[in-house]
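Letter by letter, the chains look like this.
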Amino acid sequence: GNYAAVLSSPVFWSALGATAVITAVAVAAEMVLGLGIAVVLHRAVVGRRAMRTAVLLPYGIITVVAAFAWQYAATPDLSFLSDRAWLGERWSSFAVVIATEVWKGTPVVALLLLAGLAAVPEELLETARVDGANGWQRFTGITLPALRPVLLVVLLYRTLDTVRVFDTVVVQTG
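Predicted, not measured: the structure shown is a model, and the values here were computed from it. (Residues numbered from 1 in each chain as written. Predicted model: local features only at pLDDT ≥ 70, side-chain atom pairs only at ≥ 80, totals over all residues. Heavy atoms only, no water.)

## A closer look at the side chain of His-42
- Mapping His-42 onto the fold places it in helix α2 (residues 10–43).
- By relative accessible area, His-42 is classed as buried at 17%.
- In contact with His-42, not counting residues within four places along its chain, are Arg-48, Leu-114, Leu-117, Ala-118 and Glu-122. (Helix = DSSP H or I, 4+ residues; strand = E, 2+ residues; numbered from the N terminus. Buried < 20%, exposed > 50% of the residue type's maximum accessible area, 1.4 Å probe, protein only. Contact = heavy atoms within 4.5 Å.)

Okay, structure coming up:
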């Protein structure tokens with residue numbers, strides 16, 4: 001009876017759809033940004049340790065605290081961003097929740113992909129460079145295929161983690 005009640009509830013389907021939208025957009029953004037940050041950190045020579053620490057700071061903040069911080073940033077009287085009531089409308093509140101999730105989740109994606117980049121054989125990249133492959137060709141032909149297993153694990157991990165977006169939504173939208 002409980003399953004029938006839940007599956008016939010329009011509130012359940014609305015919440016499921018909202019969660020799917022937030023998860024899809026946030027995880028896609030996290031993967032792209034995280035890969036970009038990981039590539040930059042992998043190539044960084046000066047300040048490597050400090051940059052890694054700085055990138056990881058948002059992930060170390062408790063989710064409720066991060067949600068409150070972004071809520072204040074999106075509140076007109078308190079915001080330094082704009083005078084718009086971002087949390088007052090359905091779709092702009094989605095943007096705030098997604099921004100919070102991306103800000104919080106991108107560091108762990110970057111860290112995991114950075115570990116994956118360290119496992120890409122330098123010999124392959126050097127051989128491709130000697131054969132005349134430019135940086136983009138080496139990235140798409142060697143680095144990305146070598147990262148495929150790591151990318152899939154990170155995608156699964158962040159998708160499962162982002163589906164649990166309840167606390168951020170409750171804090172920011174009530």
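## Focus: the environment of Met-51
- Its place among the elements puts Met-51 in helix α3 (residues 48–60).
- On the basis of relative accessibility, which here comes to 31%, the residue Met-51 falls in the partly exposed class.
- In this structure, the C-alpha to C-alpha distance between Met-51 and Leu-41, residues 10 residues apart in sequence, is 7.3 Å.
- If near-sequence neighbours (up to four positions away) are discounted, Met-51 is found in contact with Leu-41, Ala-44 and Val-46.

## Section: the nonpolar core
- In this structure, Met-31, Val-109 and Leu-113 are the most contacted members of the largest nonpolar core, which totals 14 residues.
- Listing elements by their share of this core, those giving two or more residues are α2, α5 (90–118) and α7 (135–163).
- The contact partners of Leu-113, leaving out residues within four places of it in the chain, are Met-31, Gly-34, Leu-35, Ala-38, Leu-147, Val-150, Leu-151 and Val-154.
- Ala-18, Ala-26, Phe-94 and Val-97 belong to the second largest nonpolar core, which has 8 residues in total. (Core = buried A, V, L, I, M, F, W, Y, C linked by side-chain atoms within 4.5 Å.)

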